[in-house]
Number of protein chains: 2
Amino acid sequence: AGDVAAGKGKSASCVACHGAEGKVSVPMYPNLAGQNAMYLEHALQAYKKGERNGGQAEVMKAYVSALSDDDIADLAAYYASLKP
Amino acid sequence: AGDVAAGKGKSASCVACHGAEGKVSVPMYPNLAGQNAMYLEHALQAYKKGERNGGQAEVMKAYVSALSDDDIADLAAYYASLKP
């Protein structure tokens, strides 16, 4: 399972679109706060594997390309830990 | 914009995985309650257009294939209206 504190430390690039506490100001992006960690991990892996394409998915693919499996698990744990 | 009441009426097929009030019991699926309507609509359209693939996306593609643009907007409005 991911490490919440480590995930927080890795979340700097996520904030611009997904908000400082995982709640967005731009409604075309998803809130992440309180989302299930397992789903978040699956979604990030799907972007990394190129299973999600088109539109904003291209942005996500660029961001996740440099993430390791541990990075993804940590980020998922961090966002799941936040209050929705 | 979608119609919340109409969306609720169209949500019967969503409940098995996404929960009666948009909160899941199975952690591999995303909570939908309180998610941004614009994002939900975008995500459903992405499944319908085949932009999301692999894993559970194949399940979603099957479900959304029969949905009209109005259906998608109504479902997005409904789930966005629920308390997270």
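Nothing here was measured: the structure is a model prediction, and the numbers come from that model.

Undergrad: Help me get a handle on the overall build of chain A, residues and values and all.
TA: The helix and strand inventory of chain A stands at five helices and zero strands. Each helix (α) and strand (β) of chain A, taken in turn from the N terminus, gives the series α-α-α-α-α. Over its C-alpha trace chain A gives a radius of gyration of 12 Å, about what one expects of a compact globule, namely 12 Å for 84 residues. Here chain A, with 84 residues, has 45% of them falling under the buried criterion. Long-range contacts, defined as pairs at least 24 residues apart, comprise 65% of the intrachain contacts of chain A with a sequence gap of at least 6. In the form shown here, chain A has an accessible surface area of approximately 4200 Å², with 57% of it arising from carbon and sulfur atoms. Across chain A, the centroid of the 8 positively charged side chains sits 6 Å from that of the 9 negatively charged ones.

Undergrad: Lay out the pattern of salt bridges with the relevant residues and their values.
TA: Residue and element names in this part refer to chain B. Applying the stated criterion across every chain yields a total of eight salt bridges over all chains. When the shortest N-O distance is used, the salt bridge between glutamate 51 and lysine 49 registers 4.0 Å. A relative accessible area of 58% means that lysine 49 is categorised as exposed. We note a salt bridge from glutamate 58 to lysine 61, for which the minimum N-O separation is 3.3 Å.

What counts and what doesn't
Residues numbered from 1 in each chain as written. Chains lettered and ligands numbered in written order. Predicted model: local features only at pLDDT ≥ 70, side-chain atom pairs only at ≥ 80, totals over all residues. Heavy atoms only, no water. Helix = DSSP H or I, 4+ residues; strand = E, 2+ residues; numbered from the N terminus. Rg over C-alpha atoms; globule rule 2.2 N^0.38 Å. Buried < 20%, exposed > 50% of the residue type's maximum accessible area, 1.4 Å probe, protein only. Contact = heavy atoms within 4.5 Å. Areas by Shrake-Rupley, 256 points an atom, 1.4 Å probe, with all protein chains shown as cover. Lys, Arg positive; Asp, Glu negative; His and termini not counted. Charge placed at Lys NZ, Arg CZ, Asp CG, Glu CD. Salt bridge = Lys/Arg side-chain N within 4 Å of Asp/Glu carboxyl O.

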